[in-house]
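Remarks on the overall topology
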Amino acid sequence: QRVKLLQLAVAMMGREEVRGEGDLQLRLSALRRLGDVGSALCMIEQHGGLFCTPIERIRARAQLLESDRRWPDAQAAHRDVLIGQAADDWAAWLGFVRAAIQGGGAAAL
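Figured I'd write up the structure that's included with this text. Just so we're clear, the structure is a prediction, and the values are computed from it rather than from any experiment.

1. Digging into the overall build of the protein
What the protein contains, in helices and strands, is six helices and zero strands. Listed by position from the N terminus, the elements making up the protein come as α-α-α-α-α-α. The dimensions of the protein, computed from C-alpha atoms along their principal axes, are 45 × 30 × 20 Å. Out of the 109 residues in the protein, the part that is buried amounts to 33%. Across the protein, contacts joining residues at least 24 apart in sequence account for 38% of those joining residues at least 6 apart. A total accessible area of about 6900 Å² is found for the protein, and carbon and sulfur atoms account for 54% of it. Taking the 14 positively charged and 13 negatively charged side chains of the protein as two groups, their mean positions are separated by 7 Å.

This is the structure in structure tokens:
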């Protein structure tokens, strides 16, 4: 029943325009819970400018790519976070290493 409610919520939200970062985050959360990573990634591409900073957009994309097991893309996105602003971001380092190991083993590092 939860899945049906989430599907209904996503459909209802889809009728309205995305108005701000909070609205975008709500929709992304619903899509993540449904497992619809493809739609969530498309939403980030279309409305990514609503994030407070470009790094937040890249970070959200990296997390979605990881959840979809797209390891090389996730590793590249985490690397972009590290290079772009946050070289001391431990979550990005962990994501980078996790994606590297999952995607190709230690040789990918």
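Text resumes after the structure shown.
2. A short note on the pattern of salt bridges
Tallied over the full model, the rule gives seven salt bridges. One salt bridge in this structure joins aspartate 23 and arginine 27, with 3.1 Å as the shortest N-O distance. Of this pair, aspartate 23 and arginine 27 both sit in helix α2 (residues 21-34), separated by four residues, roughly a single helical turn. Owing to a relative accessible area of 6%, arginine 27 belongs among the buried residues under this scheme.

3. Describing the nonpolar core
Leu24, Leu28, Ile44, Phe51, Leu64 and Val81 are the most contacted members of the largest nonpolar core, which has 25 residues in total. Looking at this core, the elements with two or more residues in it are α2, α3 (37-47), α4 (54-67), α5 (71-84) and α6 (90-104). Here this core takes six residues from α4, the largest share from any one element. With near-sequence residues (within four places) excluded, phenylalanine 51 lies in contact with Glu21, Leu24, Gln25, Leu28, Ile44, Glu56, Arg57 and Ala60.

4. Things to note about unusual backbone geometry
Peptide bonds are mostly trans, and most non-glycine residues show a negative phi. At arginine 69, a position not held by glycine, the phi torsion is positive, near 60°. In this fold, arginine 69 is placed in the loop between α4 and α5.

5. Digging into α6
Between the first and last C-alpha of α6 there are 21 Å, a value that for 15 residues agrees with the 21 Å anticipated at 1.5 Å per step. The elements touched by buried residues of α6 are α4 and α5.

6. A closer look at the packing of α5 against α6
Running from N to C, α5 and α6 point in directions that differ by 155°, and their axes come no closer than 8 Å. One finds that α5 runs roughly antiparallel with respect to α6. Two packed elements cross with a definite hand, and for α5 against α6 that hand is left-handed. Where α5 approaches α6, its residues Trp71, Ala74, Gln75, His78, Arg79, Val81 and Leu82 are matched on the opposing element by Ala92, Trp93, Gly95, Phe96, Ala99, Ala100, Gln102 and Gly103.

Parameters and conventions
Residues numbered from 1 in each chain as written. Predicted model: local features only at pLDDT ≥ 70, side-chain atom pairs only at ≥ 80, totals over all residues. Heavy atoms only, no water. Helix = DSSP H or I, 4+ residues; strand = E, 2+ residues; numbered from the N terminus. Buried < 20%, exposed > 50% of the residue type's maximum accessible area, 1.4 Å probe, protein only. Contact = heavy atoms within 4.5 Å. Areas by Shrake-Rupley, 256 points an atom, 1.4 Å probe, with all protein chains shown as cover. Lys, Arg positive; Asp, Glu negative; His and termini not counted. Charge placed at Lys NZ, Arg CZ, Asp CG, Glu CD. Salt bridge = Lys/Arg side-chain N within 4 Å of Asp/Glu carboxyl O. Core = buried A, V, L, I, M, F, W, Y, C linked by side-chain atoms within 4.5 Å. Expected span 1.5 Å × (residues − 1). Axes fitted to C-alpha atoms, helices over the stretch in contact; angles between N-to-C directions. Parallel < 35°, antiparallel > 145°, perpendicular 65-115°, else oblique. Left-handed = near helix turned anticlockwise from the far one by under 90°.

Don't take any of this as a statement about function, it's just geometry.
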